Amino acid sequence: MRLLALAALCAASAAQAAVTVPPEARGNALFDQANAAYLSGDTSRAVAGYEALLEEGLVSPELETNLGAAYLRQGKRGLAALHLERALFLDPSDDDARADLLEVRRGNVDKLEGEPDEGGAEAVSRVLAPLPGRAAAVALAALWSLGWALVALNVLRPRARLAGSAIACFVVAGAAALVTAGSAAAHRLTLHRAVVVAQAAAAHEGPSDRAASHFEVHEGTALRVEDEDQGFRRVKLANGLTGWVPSAAVELVVPRGWSDQRRL
Amino acid sequence: MSRRTGSAIAALLFASAALAAEEVQVSARTDANEVALDGTLNLQITATVSSKGDQADLTLPDLKDFDVVSRSQSEQVAFTFVNGSPTFRRTTVTTVKLAPRREGQLTIEPARVTYKGRTYTTQPIAIRALPAGQPAPPKARAQAPPPLPDPFGDDVALDPFQDMHPQSRDLVLRASVDRDRPFVGQQVTYSLYLLARVNVSGIDKLQLPRLDGFWSEEIEAPQQLMGEARIIDGVPYRAFLLRKRALFPLRPGKVQVEPAEVEVMTGFGMLFSRTSTRRASQPLAIDVQPLPETHKPAGFDAGNVGSWTLTASTDPVTVAVGQPVTFRLVAQGRGNVRNLALPKLGQIPGLRSYDATTTDKSTIEQGQVTGSRTVEQLLVPERTGAMEIPALSMDVFDPAQKAYRAVRTEPIRLEVHAAPAGAPAASQAIAQNLLGAGGLRPIRLRMTRASVDAPPWTREWFWPLLAAGPVAVAVVAGAGRLRRVLARDPAEERVKKARSAARARLRGAEELLREQRRGNASASDFHAEIARALTGYLADKQGIAAAGMTRDELGRALLDRGHPPGTVRAVLAVLDECDRARFAPGGADLPSQEARLERAERLLGELDKLRRSA
């Protein structure tokens, strides 16, 4: 279906252009056509178009937001939540994705009871996620190095009186280090974050269908992946409820292609 | 007059018009829609009016394509209870036997019925006339009088006198139902007839059975005994209808309907003796079928049985914000309207909804309970723009089709505009464009590429870069120190280290003293070490080469350096004692050696004190 839609969209754009178009322009044309399908109410075609762009390796917060909205219109709450989470990972300041995600969660089947596990680490990560971690890390490296360079100069030439500047650099570098640490913590939590995409999945006590199951999770519920084994993933809900679900039932918010996920 | 009051009056007028319309029911039908040129068909026109005395005037249509072969008319007056109130219904059935004049497609024009100055018409009926001699479908064969098809296309109703053999009895009370295997919620018509071969002057004390397990509704309760001739087992009887009730089974299973009883009076007036006889009907068994499970919709309400249609409307469809709109949902059809569960209108963003009111109307139409349930709900738009009241759907089980089907309304589009300027102050409070939060955000039309590179702190260069600064500073500082060490004057270095070197020697002497106690060292070694400590210090620190001087020269050198004479004498004394002890063994015991060590330490301090003050 996706391939057919991709082929149709490519053919349409090729017919319009009739010349070789650069990949970026072609991606924009496909995005426009998928948007037009969405706006005309043809969400199936819109989803096929957005998915085709993802298969081409395009990474864009707007693409993820629109795909999440299209899935939500189709009633596929799990996939909608997944792509809106990805949009927020790419752009934590995306208010539209955040609002749509709240809309998805309002309709979630699973309502968690009990205290949040691990002192609300997920909530903390949500707060820390918008921090400009990458810029802070670069600033930390630069200011830290500059501060030590000034110290070295001061050692070599004590009369230059560079100690004050060095201390100022270290103070600002300390602030940048705090931001970086917060952002790194949020990033580390996000790497383990996942969403249930199957309509319902039984959580077992072990990585096997034959293991006892005491609860089910339903599409759209966010959880944390802690381990993988034999086609199952060990997941933990925000209230600490833990079980093994089939790997296909949950999708990581940050796909393996986006980040180093070798250490789960 | 407020707009709401006006709406109420309009609703009342509409209701009264609807009531007037229900007073007269006119229908026309034929027993066939195809007829041979040499055959006949029966046209039956039924007019029912809700009146005891007034009659409806029937005007036959202009039958230009047909010849009227015969015409007959029958009339029946029935007393029924509708919604708890007594009603007379006069039904006139006119049967006309028609023969077609030509082949082809013919039309029976509408008949007209005039009642209380108003005219009601039937629907035109299309008839296909076949060539003469051509066998018409069995349904088109004219029999006199042919049984007309069930007006509702339902199951074939049971004959109330089927399997009845009164034998030689003159009076028989006969109870019957039109179907003995109904579905739950399907109408069963219970009839009670009195069959008589003698004159019946009246009845009394009619006792109907308890109808447990059914919802019942009166269809007919004749006030006068009107008999019709029936021949049963070759014996002529007069059949009097005493009661007719509609029963709606409430649960599946076998139900026994107990016998009815009545007291029948026979004979006439004073001349003939009047006798009273009590009669009881036979019990009836009804096997109520459960609704089929196959294709049963999820959440199906068991009360929704019958043939129903669902319509929705709003009045008005264009409205100012804050002004009320009446949403009306009507279910109409055949079945038990009181058990009907209508779909509910959910919350619609931008429309405030108030509690709904429900009105039921039930009527008897040709022996069948029909009716309507109307749900009215007041909606108040809270924002401007186009809104849509969604389609509503209701699943019903149609016993005639023996199948479930969904009846649904069409969505209704509502146009809401801003309240006109200068609207009354009272309505301005509600006439606001309330824009609530929520709902799906519009999609993004521009796309930006995002980087999913690993963050800097996970790169290989990040942590080494942070460590590089301190390491570099340490290297720089170390190099500077090394450079300073390498560039230092050895003489100056000796001066700086003179005291510590002298102390080190004294520690060595102390160690030798301990070794002496164990017998491993000699006193000469001890004194030599003390002498080296003092002379070494004087050489390194004071620049006095004591080893090559006499005691006098040393004393003068020390005095020249500014040392107090007492200190100088003490230094010389200690050196002398050491020389003596070294070269005259056995001359010094351990306590005197300890005292000498202490004096040497004190002297070093005194010598160094002068040096620091200098």
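Along each chain, the written sequence defines residue order, and numbers are assigned to residues from 1. Think of it this way: whatever chain is written first is A, whatever ligand is written first is 1, and the rest follow in order. Two thresholds apply to this predicted model, a pLDDT of at least 70 for residue-level local features and 80 or more for giving and counting side-chain atom pairs, whereas whole-chain, interface and lining totals are computed over all residues.

Runs of E in the DSSP output that reach at least two residues are strands. Runs of H or I that reach at least four are helices, and both are numbered from the N terminus. For chain B, the helix and strand inventory stands at eight helices and 30 strands. The burial criterion counts other C-beta atoms lying within 10 Å of a residue's C-beta, which is placed from the backbone; the residue is buried at 20 or more, exposed at 12 or fewer, and partly exposed between these limits. Looking at the 614 residues of chain B, the share that counts as buried comes to 26%. At a minimum sequence separation of 6, the contacts of chain B that also span at least 24 residues come to 72%. A residue pair is marked as a contact if its C-beta atoms, positioned from the backbone, fall within 7 Å.

Before going further, it helps to examine the sheet that holds strand β4 (residues 57-59) of chain B. Residues and elements named next belong to chain B. Strand order in the open sheet made by the three strands is β4-β8-β9, with antiparallel pairing throughout. Two strands lie at the open edges of the sheet, namely β4 and β9 (118-121), each paired on one side alone. Along the sheet, successive strands turn relative to each other by an average axial angle of 25°, direction set aside. Pairing between strands is defined by DSSP: at least two bridges between the two strands are required. Relative to strand β8 (residues 112-115), β4 runs antiparallel, the two sharing three bridges. Bridged to T59 within β8 is R112. The axes used here are C-alpha line fits, helices contributing only the stretch in contact, and every angle between their N-to-C directions lies in the interval 0 to 180 degrees.

All names here are of chain A. Along the chain, the position of E51 falls in helix α3 (residues 43-55). Classification of E51 by C-beta neighbours within 10 Å gives buried; the count is 22. When the C-alpha positions of E51 and E64 are compared, they lie 9.4 Å apart, and in sequence the two are 13 residues distant.

A separate point is the pairing of strand β1 (residues 193-196) of chain A. Along any regular strand the residues' side chains alternate between the sheet's two faces. Residues and elements named next belong to chain A. As paired strands, β1 and strand β4 (residues 222-229) are joined by three bridges and run antiparallel to one another. For A194, the partnering residue across the bridge sits in β4 and is L223. Of the pairings in the sheet, the one linking β1 to strand β7 (residues 250-252) comprises three bridges and is antiparallel in character. Bridge pairing in β7 places V196 opposite V250.

Here we come to the sheet that holds strand β18 (residues 261-266) of chain B. Backbone-to-backbone hydrogen bonds pair the strands of a sheet. The strands run either parallel or antiparallel. Residue and element names in this part refer to chain B. One open sheet accounts for three strands, arranged β13-β18-β19; its pairing is antiparallel. Edge strands, defined here as strands with exactly one partner in the open sheet, are β13 (200-207) and β19 (275-280). Between one strand and the next, the sheet's axes are offset by a mean angle of 25°, whatever the strand orientation. In this structure, β13 lies alongside β18, joined through five bridges in antiparallel fashion. Directly across from D204, in β18, lies its bridge partner E263.

With that out of the way, let us pick up unusual backbone geometry. Peptide bonds are mostly trans, and most non-glycine residues show a negative phi. Residue and element names in this part refer to chain B. P316 follows D315 through a cis peptide bond whose omega is -5°. Structurally, P316 can be placed in the loop between β21 (306-315) and β22 (318-320). Positive phi values are uncommon outside glycine, yet K205 reaches one of about 50°. Here K205 shows up in strand β13. Positive phi outside glycine occurs at H295, with the angle close to 65°. One can find H295 in the loop between β20 (284-288) and β21. On the basis of neighbour count, H295 is assigned to the exposed category, with 9 C-beta atoms found within 10 Å.

Okay, the confidence of the model for chain B next. All names here are of chain B. A score between 0 and 100, pLDDT records how confident the predictor is in each residue. For chain B, per-residue confidence averages 81 on the pLDDT scale, and residues scoring 70 or more make up 83% of the total. Within the model, pLDDT remains below 50 along residues 1-22, and this stretch shows five contacts once partners closer than five positions in the same chain are excluded. Below pLDDT 50 for its whole length, residues 138-156 participates in 27 contacts with residues either more than four positions away or in separate chains.

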